[in-house]
Amino acid sequence: PYNVEALYRLALMLHQGRQLADDALPLIDVAISVQPGNPVLHSCRAMVLVDLNRQLDALESLATACCIHPDLDTLYNIGLLCAKLCCPAQAEVYARRLITDRPDWPAAHYLLVQALTALGSDSDDLDTHYAFLIKSDPLNSALRFARGLLQLKTGNYLPGWEAQEWRWDIEPVKSSRIACSQPRWAGGPLEGRRLLIMGEQGFGDVLQFARYLPLLVEQGAQVTLRLDANRASLARLLRRIERLEVIIEPEQLPPFDLYCPLASLPYVFNTTPQTIPATPYLQVDSADVTVWRERLANLPRPWTGLCWAGSAEHDHNIRRSLPLCSGSQYHAERLMRERRISTVAARMAEVWNLDTLNEAAERDAAPALFTMEPLLRNRPGTFISLQIGPHAQDVHDLPDDLHSRFFAPLTKENDFYDTACLIHALDEVITVDTSVAHVTGALGQHGIVIKPAAPEWRWIEHLGRSAWYPSLKLVEQYAVAAPSSSYLHMP
């Protein structure tokens, strides 16, 4: 039972051959208890932990392996994991060390590009890196897709949209593709034709690109939007678009002449920053808005809608969500996360003589100190929670004086139409980068979007406001965390 070789081999068979990471982990742990100084076992443990979505534990195991036996491949894996954990400053340090030792290694250069992109580095410098990488691997879909995101962020939309079509070779989009024998629409005549639009990606993507659906209807098409079952809560809101049919993951697709993926419509329409379809493009019934206003009538005004956290499934959620207050459970979890990452950085800095790594860890950890509390204390009226999911309960962690100013009317039974009607009843909305921002902007309602710490192409600015949603003002996270946030008040 304590034969290390047998335990290791069996763990690999279970993990790689049968995708049974839960069964593999105890075997590796027993092997490590017998041979704690074996770096291969710690690296194997990290690999299993990544599949179990335990990235912090995996980072610690990789650091242990790399400190026992310094190895460039393991160092690269640590840098890659730092990038996934939204620690770009640390990923940059690792990437530059790898490039020093292996200057022609494309993987190290790509790690550097990932880090610099997340840090908001100069776009011309980044594009030079991408050009080098694409020459070394011309058919790499991920590289071309990532370069397209950079082009969108800099406002270079036409090549950016074209590059986004490489998403169909990248998971998870690749597996979600639905085969169609009918031709894909590329911008030809639509009068009298039946056009099937394939909804794709997240709630925000669907809401952002839904602005193109009325344009298709105006061109005379019979438009059907297909949504996955996990996006069904959007259906009632999107059905408010005139003459649009919405279907939810049917067993069999309805008859159609042409199809087009929803997120490809900006590409087909040759969208530039100057030709983004105008808002509002989503509507709600005034009677339903009145119902919400009557529910809020006895609460002090202004009524400010608030959303502070996105989906935990989003890769960069830690860089866009903000705890409501210091001392809350969510804030404590974020601080603990940064302490663990900083401890790994300190170990690696000592073993690898990486003098700048500790400073990089501090830089990555800075957003974990930010909360909504300074903003809340500097605004009058009532806060209406627009938060759904696990973080909806965070209001109970607020100090009593702030908690008494919160009203949380939404339940899990409410869909996006209900949320849209509530938003329409409010005086303004303050939200992080999540679907609430898209609903607010699509309705043309006034609001503030707290941009994610990692720069995001969707929130490019025009005179301080969103190019995609001109009714939304854009602010940085550090502005929300500042002692005085009075300038965040809407005019």
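It should be noted that the structure appears before, not after, this text.
Now for a description of the structure that goes with this document. Small disclaimer: the values here were computed from a predicted structure and weren't measured.

**A few points about the environment of Asp104**
Among the structural elements, Asp104 can be located in the loop between α6 (88-101) and α7 (106-118). Separated by 32 residues in sequence, Asp104 and Ser136 have C-alpha atoms that sit 9.6 Å apart.

**Some words on helix α1 (residues 4-17)**
Taking 1.5 Å as the rise per residue, α1 with 14 residues should run 20 Å; its terminal C-alpha atoms sit 19 Å apart, in good agreement. Turning to α1, its buried residues number three or more, namely Val4, Leu7, Tyr8, Ala11, Leu12, Leu14 and His15. Along its buried surface, α1 packs onto α2 (21-34) and α3 (39-51). The backbone nitrogen of Glu5 has a side-chain oxygen 3.2 Å away, supplied by the residue at the start of α1, namely Asn3. Of the residues trailing α1, Gln19 is marked for its positive phi of about 55°.

**Observations concerning α6**
The periodicity of an α-helix, 3.6 residues per turn, causes residues three or four places apart in sequence to face the same way. A rise of 1.5 Å per residue sets the reference length of α6, with its 14 residues, at 20 Å; its end C-alpha atoms lie 20 Å apart and thus fit the reference within 8%. Turning to α6, its buried residues are Pro88, Ala89, Gln90, Ala91, Glu92, Val93, Tyr94, Ala95, Leu98 and Ile99. Of the surrounding secondary structure, the elements contacted by the buried residues of α6 are α5 (72-84), α7, α17 (329-352) and α18 (357-365).

**Let's talk about the pattern of salt bridges**
In this structure the tally under the stated criterion is 26 salt bridges. The partner of Arg9 in a salt bridge is Glu5, and the shortest N-O contact between them spans 2.8 Å. With Arg9 and Glu5 both in helix α1 and four residues apart, this pair spans about one turn of that helix. Classification of Glu5 by relative accessible area gives partly exposed; the value is 44%. Asp73 serves as the salt-bridge partner of Arg102, at 3.2 Å between the closest nitrogen and oxygen. A residue pair is termed long-range when its members are at least 10 positions apart, and Arg102 in the loop between α6 and α7 and Asp73 in helix α5 qualify at 29 residues. Taking relative accessible area as the criterion, Arg102 reaches 30% and is therefore assigned partly exposed. For Asp73, a relative accessible area of 39% gives the class partly exposed. Connected through salt bridges with shared partners, the residues Arg54, Asp57, Glu60 and Arg340 form a single ionic network.

**Considerations on the packing of aromatic side chains**
Enumeration over the complete set of coordinates arrives at 14 aromatic pairs. Note on Trp161 and Trp468: the rings are 6.1 Å apart at their centroids and 85° apart in plane angle, and the pair reads as edge-to-face. Here the residue Trp161 occupies a position in helix α10 (residues 157-164), and Trp468 occupies one in the loop between β11 (465-466) and β12 (472-475), the gap between them amounting to 307 residues. With respect to class, Trp161 is no different from Trp468; both count as buried. Aromatic side chains Phe383 and Phe406 sit 5.3 Å apart centroid to centroid with 35° between the ring planes, which places their arrangement in the tilted category.

What counts, and at which threshold
Residues numbered from 1 in each chain as written. Predicted model: local features only at pLDDT ≥ 70, side-chain atom pairs only at ≥ 80, totals over all residues. Heavy atoms only, no water. Helix = DSSP H or I, 4+ residues; strand = E, 2+ residues; numbered from the N terminus. Expected span 1.5 Å × (residues − 1). Buried < 20%, exposed > 50% of the residue type's maximum accessible area, 1.4 Å probe, protein only. Contact = heavy atoms within 4.5 Å. Polar contact = N/O pair within 3.5 Å; in protein donor to acceptor, adjacent residues only side chain to side chain. Salt bridge = Lys/Arg side-chain N within 4 Å of Asp/Glu carboxyl O. Phe/Tyr/Trp six-rings, centres within 6.5 Å; stacked < 30°, edge-to-face > 60°.

Function-wise, these values are silent; they only describe arrangement.
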